[in-house]
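# Overview (structure and organization)
Now for the letters of each chain:
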Amino acid sequence: MTEEAEVGVDLSPTSGSEQQAPHFLQDVIFHGKFKLLKSLTPEENTQCQHGLYFHDGQRRVDYVLTYHVKKPATGRTSRQSTHLLTENAVARSLRRGRNEHLRHHKKQKARDSSTLPSSPVADVELGCPAETVNGQEDHKMFRREEFEGKLRDMGLELEKDEDTKIAGVGFVKIHAPWNILCREAELMKLKMPTKKVYEVKQLSGVVEKISSLISKVVEPLHPHVEEHQPKNIKHLSHTFSREKQHLFDLSDKDYFFDSKTKSSIVFEILKRTKCKAKYSMGITSLLGSGVYTAAYPLHDGDINEESAVPNDRKLLYEEWANYSVFYKYQPIGLIRKYFGEKIGLYFAWLGLYTQMLIPASLVGVIVFLYGCATVDDNLPSMEICHPKNNITMCPLCDRVCSYWKLSTACGTARASHLFDNPATVFFSIFMALWAAMFMEHWKRRQMRLNYEWDLTGFEDEEHFCCCCCCQPLIITHHTRLWYFKGYWQLESFFYLHGAHIHQFHLCFTVAVRHLCLCPSQDHPRAEYEFRVMQKTLSKDQKSHHKIEKLTCRDRLPAYMTNIVMMLLMIGVTFAIVFGVILYRISTKAALHMSSNPVTRSHVQLTVKTTAAIINLVVILILDEVYGAVARWLTVLEVPKTDKSFEERLIFKTFILKFVNAFTPIIYIAFFRGRLVGRPGSYLYVFESYRMEECAHGGCLMELCIQLSITMLGKQLIQNNLFEIGVPKLKKLIRYIRSKQGAFQEEERQKKLQRYETDHFLEPFAGLTPEYMEMIIQFGFVTLFVASFPLAPLFALLNNIIEIRLDAKKFVSELRRPVAARAKDIGIWYNLLRGVANVAVIINAFVISFTSDFIPRMVYQYMYSPDGSMHGFVNHTLSYFNVSHFQEGKEARDPLHLGYHVEMCRYKDYREPPWSATPYEISKEFWAVLAVRLAFVIVFQGNHSRYGLQ
C-alpha cells in the first residue's frame, strides 16, 4: 500500500508510478515534510500503527468518513487505491489556476455522463480505471469530491483508502493540522489549561484528620488511574487565543489538544462545511442522502491484546468496563477526558444515583424484615386466620362462584402485612425526603464537576457563540479571507518582513474578533435548512421576499399530527389495560368453573401473576413502538437545532413510555375495587362482565405483584438482555455482510486497521435511551414505593450491573462518540424533579386509599372499645341478604359450605339490610374518607416544607 501512495491530489490521468516522485518531492520541498523520507519503509511504521496514523506515520487520524465503493465486475484489481489528498495553502495557491481548469473540465465530463449514460467515465479523483457507473453513484462521487475539496480549503488534510479488507467500503481519513486546531479552538472558545497553577486550599484541624482517615479507608475503592497532577494543584484555564499562546504550555503540541478535542473540532468543521449540490448542509445531510455511509472518530487503540500500546481506552476497559471492579468508584475524570463532558456527566449522575440507593435499600430491607417479624402479631390477619372464624363471604363472581369462608384468605392477609404495616408509612416519608436529598446532592455534585472541569464560565453555544458559518472566499499566497455571517476576518499564513506583518495580523484579528463574536443560535439542522430553502425557492417563484425561518403556520400540520398521534397512542395504552381487565374477569370465572380443587384454590394467584406477565410483555413491545413513533413525530416538527430536536424527542418519549409503564399500576392502585358496586347492584362491563374487586387483604398486595414483575422484567429483559444481545447481533450481521464480498480467505485473516475495526462497531445513538431507562426506574423506586419497599434494593443491584454494562458498551461495543460540552444534564433534571414531586402525592394517596393504614387508625382511635385492633375485620365488613340477589346472579351452589346461607358479608362501609336505609353508605365511610384526605394534605404540606421546596 505504501509503494503506490500518492501525496497531494492526483488530478491527471497518468498512473500512480509516474506521479509518485513529483508529489513526494513537492511535499518534501514545499511542505517541509522531511519526516516522509523515513516513512517509506513499511517495517518502521508497523502498518501506520494499525490505522491510527496517515501513511507517513506522523499525522494522526482525527476523523473518518466512509462511503460505498462500487467494485468492477471483473473482480478486484491489483492496484492500490490509497491516496494522500493533503495540500498546503502555498502549494495549493500556486496550482490554483491549473486546478480550476481541471475542476471545470471534470464537471463538464460529469454533465456529459448524465446525458450519455452509456459512455464510460474515468474517475480521475480516485485514480480508478475507466468504467461505467450509473448516474446516482456518479452524482454521489461528484458531491464527495466537492465536499472534500471544501474541507481541504478549510485547511484539513485528507487521505483516501479504498483497498481495504472490507469489500465495498472506502475510507477518508481526516487530520487537522496545528494551525487549524488553534483557529477552531479560538472560534469555539475552548478553555485550555495555562502555565499558571494555583494551590487549592486544604482543610485544617480536626476536619482534615477526619477527611484523611476517610480517604485511607476508601482508598481500595478508587480505580488505579494515574493522576496527572496532585489534587491540591490546579491549572488556571483560559479561553484559547492564538494571540496569547505564550500563556499556554506548548512544549508538546501533539498532546496539547487531546484526541477528544481534535475530533470535536473536526466535527464542527464537517457540520458547517456546505456544498452546493442538492442544497447540501454539511456532513449531516450527506450522511442522510447516502453520499457518506458513516462518520466517526477513532478509538485510541486495542483493548484485548496484551501487546497493545497503553492508552486511555485500554485503561478504561481495565479499570471501569470490567465486572470485577464493580465495587470501585468510576474514573469520572478519565471518562470525561475520553468521551467528553456530556457523557461524563451522565455516568457521574448514574454513579451518584446508585450510591444514594444504598441507604434507601437498607431502610427498605429493614421495613420488609419488620413486616416479616410482626406478621404473627398482626391482629387483623390473626382474626382472618383463626380456625373458629365462620364469616361467610359473598360470591366473587356471578353464576359460577359460590360462597366462601373468610379464613381461606389467610395467606393473602399475612402476605399483605409484609408490605402494609406502620413501617410502610415511615418508609414513604423517608423516600420523599430521600428524593429531595438526592436532587440537592446532585446539584452540589454538578457544581463541583463544573469547577473541576473548568465549566464554571461555560456558556452553551446556543446562547453565545462564535459566528461559525465561515467559508473561505479569497485565498492568496499569504492570506485567507473568511466570511462570518456578515463579518470578515483576514488570516495570515506567513509573517514576511519580520515584525511588520506580524503586528498587522494581531491588530486586525483583535478588531475583527470583537465584530465576529455575536449572540447566535446553535447550528441549524440540515433538515431545517432544507425546508427553509424549499420554502424560499417556492416563494421566490412568486415574489422576491426572502424567507429566513419556519413559522408556526408552517408547522401547524405537524403540531396537529403530534397531538392526534399522542392521544391515539395513550388511547392504545388504555385500551390494552382494559383488555387485560377483561382477561382477568373472564379467566377468573373460567377457573372457578374448573372441576380441579387445586385450580379453584389458586384462582387469585394465577390470575394476578399471568395478568402481570401479559402487562409486562405489552409494555416491552409498546416501548419500542412508542420510541419510533416519538422520533417520527419529532422529525415532522422540523426543529431548528439539535438541542431542540433532542428535548422534544425526550419529552414525547417520556410521556408515552411513562404512561405505558405506569397505567396498569395506577389502575390497580386507585381504581380497582372502587368501581364495583355492591351485591345485588354490581357494575357490569358490556352487561356481562362484572368489575373485579380486590382481595380481602386489599389491593396493595396485587399492586406489589404488578410493580415487582414490571420493574424486574424491564430491568432484566429490556435494560440488560437487550443491551447485551442487540449490539452483538448487529455487529455480527455487519460482519457477515462484509464477508460476502469477493475477497480471499487469507485477506480476512489479516489484522484490520483501527478505522476498519471501528466500522464494525455499533453507531452511537445518544444518551436518551440510557437516561430514559433510569428515569423510569426512578419512577418505580419513588412513585409506588409504599407498596414495594424492596424496589430500591432491586434498583441498586440492577444499577451495579448497569454501570459496568454501559461502560463496556461505550468502550468496546460502540463507535467513539463525538465529545460534546455540557454543564448539566439538561431536561432530565426537570423530569427527575417532576417525578419526585409527583411521587409525594402518589405515595400519600397509596397510603390513604390503597392500604388499610387509615381505616385501621380510625377504628383504633374512634370505634374500638378497648383501643386495640380487636374486631377491626368485622368492622370493615357489611351485611347482605342473599334473597336480594338479582335473578340469574345467585351463587352457583348455595349449599357449597354445607349449610344454607341467609346473610353474606362483603368489604365496604354500608348500612345493613335491616336498617331504615339499607345498603346506603354509612357514616363510618365518611369519617374514614375525611381522615384520608386530611392525611394527603398533611403529607404533602410537610414535604413542601422540608423537602423539595
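- The name an unreviewed UniProt entry assigns to the protein chain is Anoctamin, from the organism Cottoperca gobio.
- According to the UniProt record, the Sequence similarities (unreviewed entry) comment for the protein chain is "Belongs to the anoctamin family."

### Overview of the state of the cysteines
- Taken as a whole and judged by the stated rule, the model has three disulfides.
- For C385, the disulfide goes to C410, at an S-S distance of 1.9 Å. Its S-S torsion of about 100° marks the bond between C385 and C410 as right-handed, since a negative value means left-handed. With C385 in helix α14 (residues 379-385) and C410 in helix α15 (residues 410-419), the pair connects residues that are 25 residues apart, well separated along the chain.
- By relative accessible area, C385 is classed as partly exposed at 23%.
- The disulfide that involves C394 links it to C904, with 1.9 Å between the sulfurs. Every disulfide takes its handedness from the sign of the S-S torsion; for C394 and C904 that torsion is 80°, giving right-handed. Separated by 510 residues along the polypeptide, C394 in the loop between β9 (392-393) and β10 (404-405) and C904 in strand β21 (residues 903-907) bring together distant segments of the chain.
- Taking relative accessible area as the criterion, C394 reaches 4% and is therefore assigned buried.
- The exposure class of C904 is buried, given its relative accessible area of 0%.

### Topic: the nonpolar core
- W349, Y353, W434 and F784 are the most contacted members of the largest nonpolar core, which has 108 residues in total.
- With residues up to four places along the chain from it excluded, the contact list for Y353 reads W434, F438, M774, Q777, F778, V781 and N799.
- Formed by 33 residues, the second largest nonpolar core is a distinct cluster that contains Y63, A176, F248 and F256.

### Here we look at the side chain of S812
- With respect to the element layout, S812 can be found in helix α27 (residues 791-813).
- Its relative accessible area of 12% is what places S812 among the buried residues.
- One polar contact links the side chain of S812 to the main-chain carbonyl oxygen of K808, over a distance of 2.6 Å.

### Looking at the packing of helix α21 (residues 603-637) against helix α22 (residues 642-670)
- The interhelical angle for the contact between α21 and α22, taken along N-to-C directions, is 155°, at an axis separation of 9 Å. The angle between α21 and α22 falls in the class roughly antiparallel. Helix-helix and strand crossings are classified by hand; for α21 and α22 the assignment is right-handed. Taking contact as the criterion, the partners of N615, I619, L622, D623, Y626, G627, A630, R631, L633, T634, V635 and E637 in α21 are, on α22, F645, R648, L649, K652, T653, L656, K657, N660, A661 and P664.
- Of the residues in the contact of α21 with α22, the class split is 11 nonpolar, five polar and six charged.

Calculation rules
- Residues numbered from 1 in each chain as written.
- Predicted model: local features only at pLDDT ≥ 70, side-chain atom pairs only at ≥ 80, totals over all residues.
- Heavy atoms only, no water.
- UniProt positions renumbered as here; feature names shortened; annotations may be inferred.
- Disulfide = S-S within 2.5 Å.
- Helix = DSSP H or I, 4+ residues; strand = E, 2+ residues; numbered from the N terminus.
- Buried < 20%, exposed > 50% of the residue type's maximum accessible area, 1.4 Å probe, protein only.
- Core = buried A, V, L, I, M, F, W, Y, C linked by side-chain atoms within 4.5 Å.
- Contact = heavy atoms within 4.5 Å.
- Polar contact = N/O pair within 3.5 Å; in protein donor to acceptor, adjacent residues only side chain to side chain.
- Axes fitted to C-alpha atoms, helices over the stretch in contact; angles between N-to-C directions.
- Parallel < 35°, antiparallel > 145°, perpendicular 65-115°, else oblique.
- Left-handed = near helix turned anticlockwise from the far one by under 90°.
- Nonpolar A, V, L, I, M, F, W, Y, C, P; charged D, E, K, R; others polar.

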